Amino acid sequence: APLPAATDLYSLDTLLSDEERMVRDTVRKFVRERVMPVIGEHFEAGTFPRELIPEMAELGLLGMHLDGYGCAGLSAVCYGLACQELEAGDSGIRSFVSVQGSLAMFPIFAFGSEEQKQRWLPAMAKGEVIGCFGLTEPDIGSDAGNMRTTARRDGSSYVLNGNKMWITNGGIADVAVVWARTEDGVRGFLVERGTPGFTTSNIHRKLSLRASVTSELHFEDCRVPAENMLPNIRGMRGPLSCLNEARFGIAWGAVGAARACYEVALDYAKTREQFQQPIARFQLVQQKLVTMATELVKAQLLALQLGRLKDQGMLHPVQISVAKRNNVREALHAAREARSILGANGITLEYPIIRHMNNLESVFTYEGTDDIHTLIIGQAITGESAFS
Ligand code: FAD
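A short tour of the structure in this document, coming up. (Residues numbered from 1 in each chain as written. Predicted model: local features only at pLDDT ≥ 70, side-chain atom pairs only at ≥ 80, totals over all residues. Heavy atoms only, no water.)

## Let's talk about the site of the ligand
Here is step 1 of the chain: Near the ligand there are 18 residues, and of these Thr-136, Ser-142, Trp-166, Thr-369 and Asp-371 occur at the shortest range.
Here is step 2 of the chain: Within the side chain of Asp-371, one N or O atom sits 2.7 Å away from an oxygen atom of the ligand.
Here is step 3 of the chain: Protein contacts shield 67% of the accessible area of the ligand, which totals 980 Å² for the unbound molecule.
Here is step 4 of the chain: Here the ligand occupies the largest pocket.
Here is step 5 of the chain: Sorting the residues of the shell around the ligand by element identifies strand E5 (157–168), helix H9 (353–365) and helix H10 (370–382) as the ones contributing at least two each.
Here is step 6 of the chain: Residues belonging to the shell around the ligand are distributed by class as follows: 9 nonpolar, 7 polar and 2 charged. (Near = heavy atom within 4 Å. Polar contact = N/O pair within 3.5 Å; in protein donor to acceptor, adjacent residues only side chain to side chain. Areas by Shrake-Rupley, 256 points an atom, 1.4 Å probe, with all protein chains shown as cover. 1 Å grid on protein atoms, 1.4 Å probe; cavity = no way out; pocket = protein on both sides within 12 Å on 5 of 7 lines; lining within 4 Å. Sits in = over half its atoms within 2 Å of the grid points. Helix = DSSP H or I, 4+ residues; strand = E, 2+ residues; numbered from the N terminus. Nonpolar A, V, L, I, M, F, W, Y, C, P; charged D, E, K, R; others polar.)

## Some details on a nonpolar patch on the surface
Here is step 1 of the chain: On the surface, Leu-3, Leu-9, Tyr-10, Leu-15 and Leu-301 cluster together into a nonpolar patch covering about 520 Å² of accessible area.
Here is step 2 of the chain: Inspection of the secondary structure assignment puts Leu-9 in the segment before helix H1 (18–45).
Here is step 3 of the chain: A relative accessible area of 32% places Leu-9 in the partly exposed class. (Patch = residues over 30% accessible without salt bridge, like charges linked within 9 Å, V, L, I, M, F, W, Y side chains within 5 Å. Salt bridge = Lys/Arg side-chain N within 4 Å of Asp/Glu carboxyl O. Buried < 20%, exposed > 50% of the residue type's maximum accessible area, 1.4 Å probe, protein only.)

## As for the side chain of Ser-241
Here is step 1 of the chain: Within the secondary structure, Ser-241 sits in helix H6 (residues 237–271).
Here is step 2 of the chain: Of the residues examined, Ser-241 reaches a relative accessible area of 17% and is grouped as buried.
Here is step 3 of the chain: Of the polar contacts made by the side chain of Ser-241, one reaches the backbone oxygen of Arg-237; its length is 2.8 Å.
Here is step 4 of the chain: For Ser-241, the contacting residues outside a window of four places in its chain are Phe-106 and Phe-111. (Contact = heavy atoms within 4.5 Å.)

## Some remarks on the environment of Leu-74
Here is step 1 of the chain: For Leu-74, the position within the fold is in the loop between strand E2 (71–72) and helix H3 (76–89).
Here is step 2 of the chain: Taking C-alpha positions, Leu-74 is 9.3 Å from Gly-63, a pair spaced 11 residues apart along the chain.
Here is step 3 of the chain: Among all residues touching Leu-74, those that are not within four sequence positions of it are Glu-19, Val-23, Met-64 and His-65.

## What about unusual backbone geometry?
Here is step 1 of the chain: Backbone geometry at Tyr-69 places phi at a positive 55°, although glycine is not the residue there.
Here is step 2 of the chain: Note on placement: Tyr-69 falls in the loop between strand E1 (67–68) and E2.
Here is step 3 of the chain: Of note in this structure, Glu-367 is not a glycine but carries a positive phi near 60°.
Here is step 4 of the chain: In this fold, Glu-367 is placed in the loop between H9 and H10.

Here it is, written out as structure tokens:
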């Protein structure tokens, strides 16, 4: 058989259905035509391309894997492929879609009342209402179960106090899904922008995910009606099941960033000449490209089987940890190697590589750090917890 393209060495394309390929190609086209021309400037300016929200909604990317309430109801593999293409553009764009669909819409879909679903989901699928997910706090990151934010019952309302930190979309969100400690455990609350006692402030001076809004949420005697609590979930299983949804998309997304870096580096190596020959002729450069190409195939296979298991209802969260940890790790490594192949050109925004490389530092840390996923997998295979 003929050797497939250098970007699909294992003919993984043949493992996808027609519908899956169509979704992938549609999102790929959107990224090429609408994201790539503007993303470098947004990254440099530290702004999120809000103008793309209606188009992403039109493509069915918001709450894509949810059924009903105006959502596209596509398979997990389709959702993964979309994440992969979006992150080949920029991790910030994929983060927006992950947060909207997996962290804000999913908890309403899975744990909300019928009224909450009717009220929020169709508008969120249309991109008319933006959501965010507040779990992390200034002093509480990996150990989220120890959160300080409280919600105290007072008559027919709850009163929230505390601060959430590093919240993607926080400053542009119309509704925040906020996790807080109540007297009967951790509960989720829908807090609308403009509620007295609720303010946000954006985090500046980031050198990673610059084309994404990251904010703090402040709650000072913020009173919300008791009907704003998500009725059907209590305890850390709530936020953790949202994180599982988002981590699934990240395991796929990181592969897109890695592919983008590999493609640029391969192209550059074939045309850049030093010592009177293309640098692609040097063994050391080939070694880097070969490692990237091989890890790309492996990461894609992990993501695809992860998606198939999810679609079959056979997925275990530990399997998500395996794929998130491996794929983000390898994507970061590929980005750094690609950066080196471009030499000095690799450090500018003329090429997408250093943008991906810096973005992936956040992706390595958020949604469970690399270390935390190591401990999750370690506990699963040894039966011993090394968390504390
Ligand atoms: P810490 O938990 O303080 O960890 C610091 C270091 O210690 C890490 O290397 C970690 O791996 C290590 N460590 C911690 N515990 C252990 C242990 N038991 N064993 C070994 N090593 C350990 N959060 C949200 O709720 N919503 C969002 O939308 C959101 N968006 C984000 C966007 C960006 C750009 C970033 C950077 C973060 C975002 N986060 C969000 C927060 C993110 O989830 C946290 O940063 C993450 O959980 C890690 O927490 P931390 O940064 O406080 O690090």
